[in-house]
Amino acid sequence: MALAFFYNEEINKDSSQLVLNEETSKHVVQVLRMQNGAALNLTDGKGNLFTAEITDNHRKKCAVKIVKHSTIQQSVSKVSIAISLIKNNNRFEWFLEKATEIGVHEIIPLICDRTEKQHFRFERMKGILISAMLQSQQCWLPVLHEPVSFNKLLQSAETLPKQKFIAYCEEENTRETLTHQIKNNDTGKLILIGPEGDFTKREIAEALQNHFIPVSLGETRLRTETAGIVAAVLLFNT
């Protein structure tokens, strides 16, 4: 049976003992009813996995000692998704959860010309990523950015991954499918996913000028969050 798995951003490779925060302590002691001597796993979300043993099962300040440390290598193919915020929060949160389970490296919320909603609760969204990371037994937490405008993202094009794609539904432009445009699986890849009304002609033109490759995600028109997940799967498996 897998050990209970928790996130702690304060833990590091030199840690020998640790006091868990109140929320985690309550879950360990009151919900799981773990006793002194019981083992659990901790991660810092940066590839480090720690096995710890409870030394004081205090319900607010549970203390543990580290008994084992290992480093989990991150996937060679680092996938970044820059995706427009959408009006329905539940659907965007669903995307964050599934993208984390898949193993997406970086998530950049986009504000495009047709983005309907711009409010973003960063701490809540990060909490969803943490929960999904733990549920899927991973040790790498996706890098989550604050929302950025489409234009500002393009201004940083030189610092972005070498393979850059933009997916859209514009019918006038003939595009290859994403799987046919991926060169190899050993370098970072970024794809832009637009809002529910799609990217504007101006945004598409400016992305192409900044060396983004136009791609199609298939023959059907996808919701924004679905397109993000399809793109993530294709980028990982091609």
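Now for a look at the structure at hand.

Procedures and definitions
Residue numbers run consecutively from 1 along every chain, following the written order of its sequence. Owing to the predicted nature of the model, reporting of local features is limited to residues with pLDDT of at least 70; listing and counting of side-chain atom pairs is limited to 80 or more, with chain, interface and lining totals taken over all residues. In computing side-chain properties, one takes all heavy atoms of the structure into account and sets aside hydrogens as well as water. By definition, any uninterrupted DSSP run of H or I lasting at least four residues is a helix, any uninterrupted run of E lasting at least two residues is a strand, and each is numbered from the N terminus. Three labels apply to residues, based on accessible area from a 1.4 Å probe with only protein chains included: buried if under 20% of the type maximum, exposed if over 50%, partly exposed otherwise in between. Between the rings of Phe, Tyr and Trp (Trp by its six-membered ring), a pair exists once the centres lie within 6.5 Å; its type follows the angle of the planes, with under 30 degrees stacked, over 60 edge-to-face, and the other angles tilted. Whether a charge sits over a ring comes down to the Lys NZ or Arg CZ being within 6 Å of the ring centre and within 35 degrees of the ring normal. Summarising the geometry, the arc corresponds to the directions from the helix axis toward the C-beta atoms. Any two residues whose heavy atoms approach within 4.5 Å are treated as being in contact. Side-chain atoms alone can form a polar contact between residues adjacent in sequence; in general such a contact is a pair of N or O atoms within 3.5 Å, and within protein one must be able to donate a hydrogen while the other accepts it. A pocket, in this scheme, is an open set of points on a 1 Å grid over the protein atoms alone with protein on both sides within 12 Å along at least 5 of 7 lines, while a cavity is a set where a 1.4 Å probe fits but cannot get out; residues line either one if an atom lies within 4 Å of a point. Grid points are joined across faces, edges and corners, and a volume is the space filled by probe spheres set on the points. Each residue gets one of three labels, nonpolar for Ala, Val, Leu, Ile, Met, Phe, Trp, Tyr, Cys and Pro, charged for Asp, Glu, Lys and Arg, and polar for the others, Gly among them. Within this scheme, the nonpolar core is defined by two criteria: the residues are buried Ala, Val, Leu, Ile, Met, Phe, Trp, Tyr or Cys, and they are joined through side-chain atoms within 4.5 Å.

A positive phi angle, close to 55°, is found at Gln137, a residue other than glycine. Within the fold, Gln137 resides in the loop between helix H3 (122–135) and strand S8 (143–144). Despite not being glycine, His211 has its phi angle at roughly 70°, a positive value. Among the secondary structure elements, His211 is positioned in the loop between helix H6 (201–209) and strand S13 (213–216). In this structure His211 comes out as exposed when scored by relative accessible area, which is 64%.

With that settled, consider the packing of aromatic side chains. How two aromatic rings sit relative to each other is given by the distance of their centres and the angle of their planes. Per the counting criterion, the structure on display carries 4 aromatic pairs. With centroids separated by 6.0 Å and ring planes inclined at 45°, the aromatic side chains of Phe92 and Phe95 adopt a geometry described as tilted. Taken as a pair, Phe92 and Phe95 lie in helix H2 (residues 89–102) at a separation of 3 residues, close to a single helical turn. Note on accessibility: Phe92 and Phe95 belong to one class, buried. Here the aromatic residues Phe92, Phe95, Phe120 and Phe122 are joined through ring pairs into a cluster of three or more. It is Lys164 that lies over the ring of Phe212; its NZ or CZ is 5.9 Å from the centre.

Buried residues of helix H1 (residues 22–31): Thr24, Ser25, Val28 and Val29, and no others. The buried side chains of H1 occupy one side of the element, clustering within an arc of 110° when seen end-on. Away from its buried face, by an angle of more than 90 degrees, H1 presents the exposed residues Glu23 and Val31. Summarising the contacts, the buried residues of H1 are in contact with strand S1 (5–7), strand S3 (39–43) and strand S4 (48–56). At the N-terminal boundary of H1, the capping side chain belongs to Asn21, with an oxygen 3.3 Å from the backbone nitrogen of Glu23.

Our focus in this paragraph is the layout of surface pockets. Estimates place the volume of the largest pocket at around 460 Å³. Together, 15 residues line the largest pocket, and Tyr7, Asn21, Glu23, Thr24 and Ile130 are the ones closest to its centre. Elements with a minimum of two residues in the lining of the largest pocket: S1, H1 and H3. Residue composition of the lining of the largest pocket, by class: 6 nonpolar, 6 polar and 3 charged. Looking at the second largest pocket, its volume works out to about 370 Å³. If you go around the second largest pocket, you meet 22 residues; those closest to its centre are Tyr168, Cys169, Thr220, Arg221 and Leu222. Broken down by secondary-structure element, the contributors of at least two residues to the lining of the second largest pocket are S13 and helix H7 (224–237). When grouped by side-chain class, the residues that make up the lining of the second largest pocket number 9 nonpolar, 6 polar and 7 charged.

Quick look at the nonpolar core now. Residues Ile81, Leu178, Ile191 and Ile193 are the most contacted members of the largest nonpolar core, which totals 38 residues. Elements represented by at least two residues in this core include exactly S1, strand S6 (79–84), H2, H3, strand S10 (163–167), strand S12 (189–193) and H7. Other than its neighbours up to four places away in sequence, Ile193 contacts Ile81, Ala82, Ile83, Ser84, Leu110, Ala167, Phe199, Leu217, Thr224, Ala227, Gly228 and Ala231. By size, the runner-up hydrophobic cluster in this structure holds 18 residues, among which are Ala82, Ile108, Leu160 and Ile204.

Counted according to the given criterion, the structure contains 1 cavity of 30 Å³ or more. For the largest cavity, the calculated volume is near 50 Å³. Together, Leu85, Ile86, Asn89, Phe92, Lys117, His119, Phe120 and Met125 line the largest cavity. Split by residue class, the lining of the largest cavity holds 5 nonpolar, 2 polar and 1 charged.

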